[in-house]
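Observations on the model geometry
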Amino acid sequence: MQKITLFLPFSNSDQSNDLIKTFLYEPLVEKIILLSDKDYKNGFDTIVTTSLSDSETLNQIIKNVKTEYFVFIGKETKIELNQYALERFLDFAKSYDASLVYSDFYEIKNDSREEHPSQDYQLGSIRDGFDFGAMLLFSSKKIKSTLKKYGKLGKFKYAGLYDLRLKLAAEFLDKKSSCPIIRIPEFLYTLVESDVRKSGEKLFDYVNPKNRQVQIEMEEAATKFLKSIGAYLKPKFQKVLKDSNDFPVEASVIIPVRNRVNTIVDAVISVVNQKTYFSFNCIVVDNHSTDGTTEKLNQLASKYSNLIHIIPQRKDLGIGGCWNEAIFSHYCGKYAVQLDSDDLYSNEKSLQTIVDAFNDDEYAAVIGTYKMVNFDLKEIPPGVIDHKEWTRSNGRNNALRINGLGAPRAYRTSVLRNVRFPNVSYGEDYAVCLEISRIYEIGRIYEPIYLCRRWEGNTDSQLSITAQNKHNHYKDTIRTKEILARIQFNNKTLYSAAKSY
């Protein structure tokens with residue numbers, strides 16, 4: 001019988017002692033090695049560390065493991081194993097010749113046992129928040145060969161584990177190897193979940209200032225990964241062609257809406273009250289509302305001549321499809337500017353600020369800064385979201401790691417018409433911004449010009465695990481597509497340069 005080594009976090013608490021007991025008499029476990037801030041002299045070998053994701057900790061794990069496979073427990077929490085769980089992990093690792101194996105699991109939340117399905121890993125699963133669960137099985141042999149091929153782990157305090165799995169994932173592009181990271185679609189263990197916040201409350205963890213050093217390391221690891229697979233883009237941008245189209249106005253604020261009778265009036269008023277030195281309109285694409293939104297918009301349109309109320313003929317449109325209806329209409333201006341039907345501009349100069357940013361440089365898009373507020377417009381944590389992690393030199397590469405680029409988003413309509421939105425209602429803006437950033441430069445505004453209202457009616461305020469996985473899977477798919485496109489883009493660029501030489 002093949003044996004494995006087990007590495008688990010230990011703090012000498014009742015919880016960590018229970019964790020040891022879970023695995024102590026498992027027949028497949030040859031040895032348990034503790035990961036702890038000190039050696040408690042309790043009969044187990046210990047790697048002294050203050051972080052489970054530190055590169056040196058992982059180097060010590062790789063050095064100390066003597067078995068072909070090892071299990072890494074990434075959370076100090078109570079775990080109960082399903083029937084033959086470790087055997088299933090090992091079976092999948094061998095059958096797929098995998099580098100890393102993880103599984104679905106159950107979790108205990110508020111004394112209730114719930115299913116927590118994971119999602120399949122793909123090339124675009126580059127985000128550092130990918131949820132593998134608490135148990136990961138690694139192939140020692142695969143790790144050593146991967147580090148030999150792609151280089152040693154970087155000197156990271158926080159991003160060591162992230163760096164390792166990105167290096168393992170690089171084998172996705174090796175046509176001779178099978179899929180290196182495998183999900184087992186079975187619930188193989190149960191854990192007690194410690195972070196029971198709603199999905200909407202977790203969305204902005206990565207822009208929390210207290211996590212800045214973590215994000216710096218994650219960006220460095222992600223950038224190295226993109227360079228290793230040929231998807232990294234240097235800070236060289238194509239110039240935007242001068243617009244030849246005759247636009248009816250300088251800017252159009254576009255609001256897709258369906259059934260937002262409680263917020264749509266405030267959103268529209270925040271647009272029509274803008275003070276600008278140019279002509280603008282507000283295009284609301286009313287996606288067949290049934291709650292009184294349509295009637296509200298009809299009343300507003302009779303009062304404001306620059307409000308364009310569009311009800312599309314199609315009834316299969318998502319948010320992206322509504323955007324396409326607006327940007328391809330003859331009402332659309334030179335610049336297409338976003339406003340969600342829940343939200344508001346923070347002041348009457350927001351639109352002017354956005355267009356001024358376009359005029360300063362040849363940007364294909366401009367993205368601003370927003371403030372999180374409640375329904376009464378009072379600031380709530382995390383407050384201002386400015387995405388200052390964006391840099392001209394590396395912003396479009398780091399954009400593949402994070403889940404969003406910020407708001408409000410504004411685009412040159414001529415560029416946007418060539419790209420088009422996917423007809424979906426989640427991630428459509430992310431897909432467009434990634435594609436635009438592959439070719440063109442995106443400008444940034446770091447002062448708050450937009451109020452993002454969080455309330456129980458938001459579509460992402462409290463999503464189920466299944467819904468979260470669906471959203472994340474879509475964005476991972478978009479990232480996979482974009483990574484492959486950037487590899488092709490770089491190859492064409494190199495070919496063109498060599499040919500001209």
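Here, the structure is the one placed above.
What you see as residue numbers is a count from 1 along each chain, following the sequence as written. Owing to the predicted nature of the model, reporting of local features is limited to residues with pLDDT of at least 70; listing and counting of side-chain atom pairs is limited to 80 or more, with chain, interface and lining totals taken over all residues. Hydrogens are left out, water is left out, and the side-chain values use all remaining heavy atoms of the structure.

1. Points about the pairing of strand β4 (residues 69-73)
Residue exposure (1.4 Å probe, protein chains only): buried if accessible area is under 20% of the type maximum, exposed if over 50%, otherwise partly exposed. A helix here means a DSSP run of H or I that spans at least four residues, while a strand means a run of E at least two residues long, and both kinds are numbered starting from the N terminus. β4 sits mainly inside the fold: five of its five residues count as buried. Side-chain alternation along β4 places Y69, V71 and I73 on one buried face and F70 and F72 on a second face that is also buried. Strand pairing is assigned whenever DSSP detects at least two bridges linking the two strands. Strand direction decides the pairing type here: strand β1 (residues 4-9) and β4, joined by four bridges, are parallel. Residue pairing across strands places I4 opposite Y69, the latter belonging to β4. One ladder, built from five bridges, connects β4 with strand β8 (residues 135-139); its direction is antiparallel. Directly across from V71, in β8, lies its bridge partner L137.

2. A short note on the pattern of salt bridges
Within this document, salt bridges are pairs made up of a side-chain nitrogen of Lys or Arg and a carboxyl oxygen of Asp or Glu, the two lying within 4 Å of each other. For the structure shown, the criterion picks out 25 salt bridges. Linked through salt bridges whose partners overlap, the residues forming this network are D104, D120 and R183.

3. A look at the nonpolar core
Counting residues in hydrophobic clusters, the biggest one holds 74 residues, and the most contacted among them are F7, F138, Y411, L416 and I436. Of the residues forming this core, the biggest block, seven residues, is contributed by helix α7 (residues 212-229). Any two residues having at least one pair of non-hydrogen atoms within 4.5 Å are treated as being in contact. Each residue touching F138, except ones within four places of it in the same chain, is listed here: E68, Y69, F70, F72, S99, L100, I143, L161, L164 and L168. Among the buried residues, those of types Ala, Val, Leu, Ile, Met, Phe, Trp, Tyr and Cys that are joined through side-chain atoms within 4.5 Å form a nonpolar core. Core analysis: the second largest hydrophobic core is formed by 37 residues, V268, F358, V366 and A407 among them.

4. Examining the packing of helix α4 (residues 140-150) against helix α5 (residues 160-169)
Relative orientation of the contacting elements α4 and α5 amounts to 85 degrees, with a least axis distance of 9 Å. If you check the angle between α4 and α5, you find them roughly perpendicular. Seen from α4, the contacting residues are K142, I143, T146, L147 and Y150; seen from α5, they are L164, K167 and L168. Structural elements are reduced to axes, namely lines fitted to C-alpha atoms, with helices fitted over the stretch in contact, and the angle between N-to-C directions of any two is expressed from 0 to 180 degrees. Should an angle fall under 35 degrees it is called roughly parallel, over 145 degrees roughly antiparallel, and 65 to 115 degrees roughly perpendicular, with every other angle called oblique.

5. Some details on helix α14 (residues 428-439)
Here α14 lies mainly inside the structure; 11 of its 12 residues are buried. Among the residues of α14, those classed as buried are E428, D429, Y430, A431, V432, C433, L434, I436, S437, R438 and I439.

6. A word on the pairing of strand β18 (residues 442-453)
With nine of 12 residues buried, β18 is to be regarded as a mostly interior element. As paired elements, strand β14 (residues 344-345) and β18 share two bridges and run antiparallel to each other. Note on β18: the bridge partner recorded for Y345 is Y450. Here strand β15 (residues 365-373) runs beside β18; their pairing, made up of eight bridges, is parallel. Following the sheet pairing, K371 is matched in β18 by L451.

7. Here we look at the packing of α5 against α7
Contact geometry of α5 with α7 gives a least axis separation of 10 Å together with a crossing angle of 15 degrees. Judged by the angle between their axes, α5 and α7 are roughly parallel. Considering the relative orientation of α5 and α7, their crossing is right-handed. For the pair formed by α5 and α7, the contact residues are Y162, D163, L166 and A169 on the first element and M218, A221, A222 and F225 on the second. Side-chain classes follow a simple rule in which Ala, Val, Leu, Ile, Met, Phe, Trp, Tyr, Cys and Pro form the nonpolar group, Asp, Glu, Lys and Arg form the charged group, and the remainder, Gly included, forms the polar group. In the contact of α5 with α7, the residues fall into seven nonpolar, no polar and one charged. When the near helix sits turned anticlockwise from the far one by under a right angle, the crossing is termed left-handed; a clockwise turn instead gives a right-handed crossing.

8. Overview of helix α2 (residues 55-64)
For α2, the full list of buried residues reads S55, T57, L58, I61 and I62. Projected onto a plane normal to the axis of α2, the buried residues spread over an arc of 160 degrees and lie on a single side. Elements that come into contact with the buried residues of α2 comprise β1, β2 (29-36), β3 (45-48), β4, α4 and α5. Within 3.5 Å is the distance limit for a polar contact, defined as a pair of N or O atoms, with the added protein rule that one can donate a hydrogen and the other accept it, and that residues adjacent in sequence qualify only through two side-chain atoms. Capping of α2 at its N-terminal end is provided by D54; its side-chain oxygen lies 2.9 Å from the backbone amide nitrogen of E56. By arc we mean the arc of the directions from the helix axis to the C-beta atoms, nothing more.

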